[in-house]
Amino acid sequence: MKEKLLAEINDDKINYAAFCIDKKNGYKILVEKTSKNLGINKGKIFNMKGASEIVSKDLRDIEKKLDKVFTNISVVINGDDFLCTNLTGFKKLNGSKVEKRDLEYILNEAKSSINKNQEKNSILHILNSNFFLDKKKYDQVPLDKFGDHLSLHMTFISLPKNHLKNINTLFENSDLKIERVINKPFACGINFINHKKNLKDFILINFDKEFTSISVYKNSSLIFLKTLPFGTNLIYRDVVKLCSLEQNEVESIIDELNFNNFLDTSAKELETKFFKESNLTKITIQHFKNIIEARIEEMVKIIFNKNSNFFEDKYPETFLLFEDEKIRKKLGFFFQKSFKDENFHNTLDIHSYDNFTVLKGAAELIFKGWHKEAIPFIHKKRSIISSFFSRFF
């Protein structure tokens, strides 16, 4: 039984899951663990020694449960320093048939161009969206077909090398070698598509606690990714600051009140039972609600205005995916309303995910591969090019 260890670095904690192949050639989780890591903040390592000590302890706990020693790990990370670049490569065929070496040429040229223009970054993912032969679109490689002009549309996801060095060091301190580093929104999208088989052209917006990501999929292939440096925790912080409350008090108020059906009764104040740590103060429910609504409207405006060209009829479905279930359940209505206020008329569905949803998407990628991914980040036994072709032939 081949076990693999995966980890997601998430805000100030790390989620771990060990997977193995099951009898149906799928995969299953053997053990799960969520560990608070005080050496990490917003997914970045700021105390390497402290963070490494906690990872070593986590590893010992997992290995003891499974009676197994791990030497490799794959890591899922998020952040606003990811770069998404779209590139179209082409080659003139002059009437000859499409061969593997033609695609090899296109991929090498595109990869060289990205490396030259993004010297401080490393490529994590290369995804193909479409093949074109003489301006005719193909979903698969048009191998052995004759033509004059072959082109391939690709999406590159890259990350600063220094960020990767820190991630590598964190796990190397526990004698773990990183096999793959995977972008979190991409892993989340894989899991989402895996559960909604007919999804083709859609937008996925991840409202995490510290980051917000916009992912655009065309023919089930990721063609655009942008991560913004704010998440739903911004809502809590705004209320904390403007109402002089503690965050756990704000969470308690949001959890108990039903803002979806709340009518404007400005005179009604929040009950004193909510103020367990703060000095007793008079705050109307309407004022509390207005702060929340204003922050959500601002978040949605930033998302919509910076990416308005994607919110069109050619992407008929948009999904909002929340990391914080409380925000989805209690404030999801405001997010829907804010999108409608921006003249957004496409189908809009709201979902949430648990601590291990992302790792399940990463496991899908690692165990089964992804038909739209051109190459993995690290692959020892085969060259980059042979890895690319293995996904298509």
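Everything that follows concerns the structure shown earlier in this document.
Everything numeric here is computed off the predicted structure, so don't read it as measured data. (Residues numbered from 1 in each chain as written. Predicted model: local features only at pLDDT ≥ 70, side-chain atom pairs only at ≥ 80, totals over all residues. Heavy atoms only, no water.)

Below, the discussion takes up the state of the cysteines. Applying the stated criterion across every chain yields a total of zero disulfides. Note on C84: no disulfide assigned, nearest cysteine sulfur contributed by C188 at a separation of 16 Å. (Disulfide = S-S within 2.5 Å.)

Another aspect to go through is helix α2 (residues 100-117). Taking 1.5 Å as the rise per residue, α2 with 18 residues should run 26 Å; its terminal C-alpha atoms sit 26 Å apart, in good agreement. Looking at α2, one finds that the buried residues are D102, L103, I106, L107, A110, K111 and I114. An end-on view of α2 places all buried positions within 160° of arc, on one side of the element. More than 90 degrees from the buried face of α2, the exposed residues found are R101 and K116. (Helix = DSSP H or I, 4+ residues; strand = E, 2+ residues; numbered from the N terminus. Expected span 1.5 Å × (residues − 1). Buried < 20%, exposed > 50% of the residue type's maximum accessible area, 1.4 Å probe, protein only. Arc of directions from axis to C-beta.)

Within the largest apolar cluster, 58 residues are counted, with the highest numbers of intra-cluster contacts made by I9 and F171. Core analysis: the next-biggest nonpolar cluster, separate from the first, contains 42 residues, L228, L257, F334 and F335 among them. (Core = buried A, V, L, I, M, F, W, Y, C linked by side-chain atoms within 4.5 Å.)

Let's shift gears to the sheet that holds strand β1 (residues 3-10). The five strands lie next to each other as β3-β2-β1-β6-β11, forming an open sheet whose pairing is mixed. A strand with exactly one partner marks an edge of an open sheet, and here the two such strands are β3 (27-36) and β11 (177-183). When the angles between neighbouring strand axes are averaged without regard to direction, this sheet yields 20°. In the packing of helix α3 (residues 161-172) onto the sheet, contacts are made with β1, β6 (72-77) and β11, and the angle to β6 comes to roughly 140°. (Pairing = 2+ DSSP bridges. Axes fitted to C-alpha atoms, helices over the stretch in contact; angles between N-to-C directions. Contact = heavy atoms within 4.5 Å.)

All right, on to the pairing of β1 then. For β1, a buried count of eight out of eight residues is recorded, marking the element as mostly surrounded by other parts of the structure. Neither face of β1 is exposed, since E3, L5, A7 and I9 on one face and K4, L6, E8 and N10 on the opposite face are all buried. Relative to strand β2 (residues 13-21), β1 runs antiparallel, the two being bridged by eight bridges. Paired with K4 across the two strands is F19, which belongs to β2. Taking the residues that link successive antiparallel strands as the turn, the β1-β2 hairpin has two residues, and the phi of D11 there is positive, at about 55°.

A separate point is unusual backbone geometry. One non-glycine residue, N94, lies in positive phi territory at about 55°. Even without a glycine there, the phi angle at D134 is positive, about 50°. Along the chain, the position of D134 falls in the loop between β8 (121-133) and β9 (136-138). On the accessibility criterion, D134 (37% relative accessible area) is partly exposed.

Attention shifts here to the environment of G369. Locating G369 in the fold gives a position in the loop between α9 (357-368) and β17 (373-375). We classify G369 as buried; its relative accessible area is 17%. Considering only alpha carbons, one finds G369 and S122, 247 residues apart in sequence, at a separation of 20 Å.

All chains considered together, the criterion is met by nine aromatic pairs. Plain terms: the ring middles of F19 and Y27 are 5.9 Å apart, the flat faces sit at 70° to each other, and that makes the pair edge-to-face. Their ring planes at 15° and their centres at 5.8 Å tell us that Y27 and F367 sit as a pair that is stacked. With Y27 in strand β3 and F367 in helix α9, this pair connects stretches of sequence that are 340 residues apart. Neither Y27 nor F367 differs from the other in exposure class; each is buried. The structure contains a cluster of three or more aromatic residues connected by ring pairs, namely F192, F202, Y217 and F319. (Phe/Tyr/Trp six-rings, centres within 6.5 Å; stacked < 30°, edge-to-face > 60°.)

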